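# Analysis of the macromolecular model
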Amino acid sequence: MELTFKQYNTIRLIVVMILAMIIGNMIVLKNFFIPIILLVISSLLLIYLRKNVKGVIADERDYAMGGKAAFLAMQVYSWVAVAGMFLFWAFSDINPFYKPIAMTLAFSTCILMLLYSVIFRYYNKINLTDKKLIYSVFVLALFLAIFLVFSLRLFSGEDNWICQNGQWVEHGHPSFPAPTTNCD
Amino acid sequence: MRNKIKELRTKMNITQEELAEKAGVRRETIVFLEQDKYNPSLKLAHDVAKSLKTTIDKLFIFEN
């Protein structure tokens, strides 16, 4: 099956629209399993369709523009996130829910910067080194280590709210207020 | 940097689409090149020159 770039773009748009509708509904229904499966299936479908597109999908000008756009988007996001972080932190006395938002913005900016630096260094070095495999494994290990550290920090339950005798009790120093749901 | 892409393409009687296909780029890139709005990589310059049966130095005019 051969597709033109226009046909591929139309199908991609339809897939994204259907995905957005289903994921939106599934999140409301608190079902996260179906969205993940759908994301994987649609990604595989789009990869398959992309391979069947006749002609060039993207060339060096697109990649050059993409690089510039990505860099600018990263800078804009970082500035907005940092400004938002300070604002939410400053007003966290009014509403304690602002604190986790501020923390999320701060951490997401840090992760974005870190990823950018690692990927930039990777591309900068990979063409110069003869030990491509070793370097790739090293970068992958670094990514996994960072992911592991953040996962441990997020899911360790060290600083969290625990349900004890029908009440939410602080465990450690959670940076967010107690859940508003009933504690049974 | 100016270029003679449009001039040579018209002489060869080929469309932007055909030139793009020969050079392995999208048609929009040929539009940008013809309007001197994009400086191509050495490889693309070579591919476009080859597609137009000429050389880079004849196709692109470097100005100080």
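Quantities reported herein were computed from a predicted structural model and do not represent experimental measurements.

## Topic: the packing of aromatic side chains
A ring pair, where both rings are aromatic, is described by two values, the distance of the centres and the angle of the planes. One pass over the structure, following the stated rule, counts 4 aromatic pairs over all chains. Ring centres 5.2 Å apart and planes at 65 degrees place the aromatic pair Phe 88 of chain A and Tyr 98 of chain A in the edge-to-face group. A residue pair is termed long-range when its members are at least 10 positions apart, and Phe 88 of chain A in helix H3 (residues 60-90) and Tyr 98 of chain A in helix H4 (residues 98-126) qualify at 10 residues. Looking at Phe 88 of chain A, the relative accessible area reads 27%, which means it is partly exposed. The exposure class assigned to Tyr 98 of chain A is partly exposed, which follows from its relative accessible area of 28%. Relative to Tyr 123 of chain A, the ring of Tyr 122 of chain A has its centre 5.5 Å away and its plane inclined at 65 degrees; by these criteria the two rings are edge-to-face. One aromatic cluster is present, built from ring pairs that chain together Phe 71, Tyr 116 and Phe 120 of chain A. Over the face of the ring belonging to Phe 32 of chain B we find Arg 61 of chain A, whose NZ or CZ atom lies 4.0 Å from the ring centre. The lysine or arginine in question, Lys 99 of chain A, covers the ring of Trp 89 of chain A, its NZ or CZ lying 5.2 Å from the ring centre.

## Focus: the packing of helix H2 (residues 16-23) of chain B against helix H4 (residues 42-51) of chain B
Residue and element names in this part refer to chain B. Axis separation between H2 and H4 bottoms out at 9 Å; the angle between their running directions is 125 degrees. Considered as vectors, H2 and H4 are oriented oblique to each other. The crossing of H2 and H4 is right-handed. Taking contact as the criterion, the partners of Leu 19, Lys 22 and Ala 23 in H2 are, on H4, Leu 44, Asp 47, Val 48 and Ser 51. Along the lines of polarity and charge, the residues of the contact of H2 with H4 split into 4 nonpolar, 1 polar and 2 charged.

## Details of the side chain of Asn 3 of chain B
Residues and elements named next belong to chain B. Looking at the secondary structure, you find Asn 3 in strand S1 (residues 2-3). What makes Asn 3 buried here is its relative accessible area of 15%. Side-chain polar atoms of Asn 3 contact the backbone oxygen of Leu 33, separated by 2.7 Å. Ignoring any residue separated from it by four or fewer positions in sequence, one finds Asn 3 in contact with Leu 33, Glu 34, Asp 36, Leu 59 and Phe 60.

## Some words on the interface of chain A and chain B
Contact with chain A, which involves 8 residues of that partner, is made by 10 residues of chain B. Around 760 Å² of area is buried between chain A and chain B when both sides are counted, 48% of it from carbon and sulfur atoms. The interface formed by chain A and chain B includes 1 salt bridge. Measuring nitrogen to oxygen at the nearest pair gives 2.8 Å for the salt bridge that ties Arg 26 of chain B to Asp 62 of chain A.

## A closer look at the nonpolar core
Ranked by internal contacts, the top residues of the largest apolar core, which has 17 residues, are Ile 5, Leu 33, Leu 44, Val 48, Leu 52 and Leu 59 of chain B. Mapped onto this core, the elements with two or more residues apiece are helix H1 (5-12), H2, helix H3 (27-34) and H4 of chain B. Per element, the largest residue contribution to this core is 4 residues, and it comes from H4 of chain B. One finds Leu 19, Ile 23, Leu 46 and Val 53 of chain A within the second-largest nonpolar core, a separate group that totals 9 residues.

## Topic: the confidence of the model for chain B
In the predicted model, chain B carries a mean pLDDT of 93, and 98% of its residues have values of at least 70. With a pTM of 0.68, the predicted complex shows an ipTM of 0.87.

## Brief notes about the pairing of strand S2 (residues 167-171) of chain A
Summarising the sheet, strand S1 (residues 160-164) of chain A and S2 of chain A pair through 5 bridges and their orientation is antiparallel. Among the inter-strand pairings, Ile 162 of chain A is bridged to a residue of S2 of chain A, identified as Val 169 of chain A.

## Comments concerning H3 of chain B
Among the residues of H3 of chain B, Thr 29, Ile 30, Leu 33 and Glu 34 of chain B are the ones counted as buried. Looking straight down H3 of chain B, one finds its buried side chains confined to an arc of 135 degrees; they lie on one side. Contacts made by the buried residues of H3 of chain B are with H3 of chain A together with S1, H1, H2 and H4 of chain B. Where H3 of chain B ends, the next residue or the one after it, Asp 36 of chain B, has phi of about 55 degrees, a positive value.

## Let's talk about helix H2 (residues 33-51) of chain A
Residue and element names in this part refer to chain A. The terminal C-alpha atoms of H2 lie 28 Å apart, and with 19 residues this matches the ideal 27 Å at 1.5 Å per residue to within 8%. By the burial criterion, the buried members of H2 are Pro 35, Ser 42, Leu 46 and Leu 49. Buried residues in H2, looked at end-on, bunch into an arc of 65 degrees, giving them a common side. For H2, exposure combined with an orientation more than 90 degrees from the buried face picks out Phe 33, Ile 36, Leu 44 and Lys 51. On its buried face, H2 sits against helix H1 (5-28).

What counts and what doesn't
Residues numbered from 1 in each chain as written. Chains lettered and ligands numbered in written order. Predicted model: local features only at pLDDT ≥ 70, side-chain atom pairs only at ≥ 80, totals over all residues. Heavy atoms only, no water. Phe/Tyr/Trp six-rings, centres within 6.5 Å; stacked < 30°, edge-to-face > 60°. Helix = DSSP H or I, 4+ residues; strand = E, 2+ residues; numbered from the N terminus. Buried < 20%, exposed > 50% of the residue type's maximum accessible area, 1.4 Å probe, protein only. Lys NZ or Arg CZ within 6 Å of the ring centre and 35° of its normal. Axes fitted to C-alpha atoms, helices over the stretch in contact; angles between N-to-C directions. Parallel < 35°, antiparallel > 145°, perpendicular 65-115°, else oblique. Left-handed = near helix turned anticlockwise from the far one by under 90°. Contact = heavy atoms within 4.5 Å. Nonpolar A, V, L, I, M, F, W, Y, C, P; charged D, E, K, R; others polar. Polar contact = N/O pair within 3.5 Å; in protein donor to acceptor, adjacent residues only side chain to side chain. Buried area = accessible area lost by both parts, 1.4 Å probe. Salt bridge = Lys/Arg side-chain N within 4 Å of Asp/Glu carboxyl O. Core = buried A, V, L, I, M, F, W, Y, C linked by side-chain atoms within 4.5 Å. pLDDT = per-residue confidence, 0-100. Pairing = 2+ DSSP bridges. Arc of directions from axis to C-beta. Expected span 1.5 Å × (residues − 1).

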